[in-house]
Every structure is written in structure tokens, then in C-alpha cells.
Number of protein chains: 2
Amino acid sequence: MFSENLYNPHISVDCVVFGFDGEKLKVLLIERSMNEQNELYNDKKLPGSIILNNEDLDDAASRVLNELTGLKNIYLSQFKSFGSPLRTSNPSDVLWLERTTKMKIGRIVTVAYVALIKIDRKIVFNAEDTSANWYDVNEIANVQLAFDHNRIIKDGLLHIRHRLDLEPHLLFELLPNKFTISQLRSLYDVVHQTRSDVRNFHKKAIQMPYLVMLDELEEGVPHRAARLYKFDKKKK
Amino acid sequence: MFSENLYNPHISVDCVVFGFDGEKLKVLLIERSMNEQNELYNDKKLPGSIILNNEDLDDAASRVLNELTGLKNIYLSQFKSFGSPLRTSNPSDVLWLERTTKMKIGRIVTVAYVALIKIDRKIVFNAEDTSANWYDVNEIANVQLAFDHNRIIKDGLLHIRHRLDLEPHLLFELLPNKFTISQLRSLYDVVHQTRSDVRNFHKKAIQMPYLVMLDELEEGVPHRAARLYKFDKKKK
């Protein structure tokens, strides 16, 4: 209202998008590159951006995710804001912000969103000057990401674990439409950092009211083909 | 870092503090008064304020609650940020902000916190030029509060309900140290907007592992004195 700028340089949104490749939990990150003192500087960050001046937070999160990855109609759920004054203490982060926004940037509070999506969703991996990719959540924990994005991903995963206690059916957002109990178990274990017993898990799983057994088996697998299941949203 | 001001006029914190008086769920609000066109303008708002430039969000919430109510060592839990550009569309709100902060204020994103406290906690109800008071949550829903504070209170209550599904023992934060099952039921019903059956609730309650029966009865009540109970944190 009083600002001359299109962007509000004090508030950003960041999106933690999780996917599951059948074996590992992945998170969607953006590669950022810039020349710093004649050296190419290269690291990774969450899809995120400063909000527009007349934009609500949820709208900003959807817009940014779409601009950077092509993803549309994703259910993004706000989970936490991060506002340590130290968030912008890394000079590379500030330099990158000021180059991309062409504004003087001080302290930024970011509002973080989380989403669970099927990993086969079509993603534009190479936008104008960014590229998006899936990364193993465990591996990325040991890589220094931009700003406080390591912490945001960690808190996003904790948030998902808590929500799954109340809404276990959310896990199915990460699976393909048809899946095996063994895939469901791998996903469960990867999210909860557990190692479930194969038989016990199977017993528990088939009791879930929203799990529907299909008259189909896996195809083209080297081992004995397993039964396929689907998730019935109406019974959740 | 780049700002000359002590305060960051773009980000605020607001605290939704719930208490229970044995009958009704209450929320702590601040009375705000100002002269507008020679008329005294008077309404209510959540305890909140713009954050300091070098202050983290959690610290800001604790500081503000302490400044406005004297409350210390309250466990404030961040639950949601509110950032609609329309938050500051009421001229009275903007005028009040600019008078109290002595800054030009545009759009403000607020990070909301929630706390459950015992209603007999000592509160400084009259600070320098503010006064704090407990208000019935149901009644206040029909009164126009400052900014989007009606919505923030509503969302804070929803958040508490969800958390109680996972952590039912949080309810005891709102009760006195010694309480009757009937008080526990009133509180449960007021938070969940239910009307529990007296007998069924009693049966369920005495099965809670963290509920400890005391060798004491209520005192000075006109009806038959009921058994007192306490909450055992170690068994939660």
C-alpha cells in the first residue's frame, strides 16, 4: 500500500514437496547458480520466493511452486514460519536475493508450506534459469542448503509425521494409484524411520478400511508378482 | 540490518491465550482506546505487536505477552501465519498502528501463537496504557475485534482441538491443580463443543492413566462435595 515495489522484500514463502520413488523419500529442490568473484557458485534451495505486495500467503506458495516447477493444483499446507534474524547471515544468500529481486534485502521471515505428491507428477525440471530435481531426504540432510532450508525440511518431515498419526490415509498421496503392500510398508518405514516386521505390517495394513484389494498382480517384476491394492478416498 | 528502525513494520506476532473459569472457555484480550476525530474509539485485540528488528519470532511472542499482561514462562506454540493483504484494510487499525509505532505501516503478516494457561495465573490487568481482560470465547465471536483477530482466535481454537486428539493431557493445563470430574467434563465439552453424558464421561475419565484420585473432597460448595483429582505429568 505504501511501498513502491512490486515485491514485499520482508516476507517469503518456501515449499517442501515430498515424493516417494518406491524406495526413498525425496524432496523437490531448485538448483541455483551464480557467478561470485568470477567463480561459479552452485547450491540448492527449496522452491520459494518473496511474496508479491498484494498477494495472500497461500496464493504466493501456489504461484511460486508453479513458476519454478510447473506444478499446478497441489494441496500446499502451511506448517510453520521461520524468522531467525540469522536466516540471512550468509552473504551468498543475500547476494543471490538482491540479484534475483533487484532490491536491497534485509531480514526475511519465511512462511513454509508442505505437500505430498506422487513422484510421477509431471514436473518442468528446467525453467528459464532454474532447474528442479528430486533429492533423497536423508542424503540432503548432510548437504548445506541455502538459508535455513535444511531445518525447514526437517521440520516439514516432523510435521508430516504428526499429521499422519491423525490422518494415516495421507500416506497414500505419495503412492502410485496401484501399489503393493510392500511399497506401502517401505513408505511407512521411510517416513517414520522404522523397520516394520513384514508379516505384522501386512496384517495391520489389510485391516485399513480404505485399502482396497484389486484383482490384479504386479507386472514385469523379477520376483513373484505381488497383489496390487488401491486407496479408496471415500472410506478414509 | 539495512533498516534504521528498531522495529520491523512488516511482521508482527499475536498471542491467543486460553483460560477456563470452571464454566466457560476464555481468551485474553487487550483493550485499545484512541481518540479519532475527537471521539474516543474503543475496541479489543489480541496481545500482539510488531517484532523487533533483531528478534526471533518465539522471543517476540514471549516479550509481547509479558509486556502487555505480565505473564512469564508461558509455553507459546506457533500455529499459523496470517498474511491477507486485507488485514490492514480498516483505517482505524492502520491509524492505531501508526500512532503506537510512530512508523508508516503498510501490510503486516502476523505469526500467531497459542497458549493454554490456568485462569488463576497472576496477570497485570493494567499496564501503562493498556488493560487486559478475560473474555468468553463464544461471546467474543460476535464482537468485531481489531484486524483479523476474530479469525485468528477461531483458528487457534481449531488448532487446540486437533492437538488434543493427539495429546489429550493438554486439557489439564487449563484446570486448577485439584479439580472434579465434573469440571473436567465441562472443559472437555466447552473445547470440543459437545455435550457429554455424565456417566459415560466419568467412566472414560477414570480410565485415563494420568488422572490421580485424591483423598480430598471439594470444600464450601452448596451441593454434595465431589471427589478431587489431580493430573500426574509423569504418566502422560
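Looking at an unreviewed UniProt entry, one finds chain A named NUDIX hydrolase, with Paludibacter propionicigenes as its source organism.

## Describing the overall build of chain A
Tallying secondary structure elements over chain A gives 6 helices and 9 strands in all. Across its three principal axes, chain A shows a C-alpha extent of roughly 60 × 40 × 30 Å. Out of the 236 residues belonging to chain A, those deemed buried represent 50%. Contacts in chain A between residues at least 24 apart in sequence constitute 68% of all its contacts with a sequence separation of at least 6. Total accessible area on chain A stands at roughly 12,800 Å², and carbon and sulfur atoms take up 48% of it.

## Considering the UniProt feature "domain: NrtR DNA-binding winged helix" (unreviewed entry) in chain A
Sites flagged by UniProt as "domain: NrtR DNA-binding winged helix" (unreviewed entry) map to residues 172–231 of chain A. Between the C-alpha atoms that bound residues 172–231 of chain A the distance is 7 Å, and the span itself is 35% helix and 20% strand.

## Observations concerning the pattern of salt bridges
In this structure the tally under the stated criterion is 29 salt bridges over all chains. Ionic pairing is found between Glu167 of chain B and Arg163 of chain B, a salt bridge with its closest N-O pair at 3.4 Å. With a relative accessible area of 19%, Arg163 of chain B lands in the buried category. We note a salt bridge from Glu216 of chain B to Lys178 of chain B, for which the minimum N-O separation is 3.0 Å. A residue pair is termed long-range when its members are at least 10 positions apart, and Glu216 of chain B in strand S8 (residues 211–217) and Lys178 of chain B in the loop between helix H4 (149–166) and helix H5 (181–192) qualify at 38 residues. You can call Lys178 of chain B partly exposed: its relative accessible area is 41%. What emerges from the salt-bridge pattern is a single network uniting Arg32, Asp43 and Asp93 of chain A.

## A look at the domain arrangement of chain A
Residue and element names in this part refer to chain A. Annotation of chain A at the domain level lists domain 1 (7–166) and domain 2 (169–235). Summarising the inter-unit geometry, the C-alpha centres of domain 1 and domain 2 are found 30 Å apart. Across the boundary between the two partners, domain 1 contributes 15 residues, which contact 15 residues of domain 2. For domain 1, the biggest contributors to the area lost against domain 2 are Phe20, Lys118 and Leu164; these three give 42% of the whole. Where domain 1 packs against domain 2, one counts 0 salt bridges. Mapped onto the side of domain 1 that touches domain 2, the elements with two or more residues apiece are strand S1 (7–20) and helix H4 (149–166). Looking at the side of domain 1 that touches domain 2 element by element, the count peaks at 4 residues for H4. Broken down by class, the residue content of the side of domain 1 that touches domain 2 amounts to 7 nonpolar, 3 polar and 5 charged.

The rules behind these values
Residues numbered from 1 in each chain as written. Chains lettered and ligands numbered in written order. Predicted model: local features only at pLDDT ≥ 70, side-chain atom pairs only at ≥ 80, totals over all residues. Heavy atoms only, no water. Helix = DSSP H or I, 4+ residues; strand = E, 2+ residues; numbered from the N terminus. Buried < 20%, exposed > 50% of the residue type's maximum accessible area, 1.4 Å probe, protein only. Contact = heavy atoms within 4.5 Å. Areas by Shrake-Rupley, 256 points an atom, 1.4 Å probe, with all protein chains shown as cover. UniProt positions renumbered as here; feature names shortened; annotations may be inferred. Salt bridge = Lys/Arg side-chain N within 4 Å of Asp/Glu carboxyl O. Domains from an automatic or database assignment. Buried area = accessible area lost by both parts, 1.4 Å probe. Nonpolar A, V, L, I, M, F, W, Y, C, P; charged D, E, K, R; others polar.

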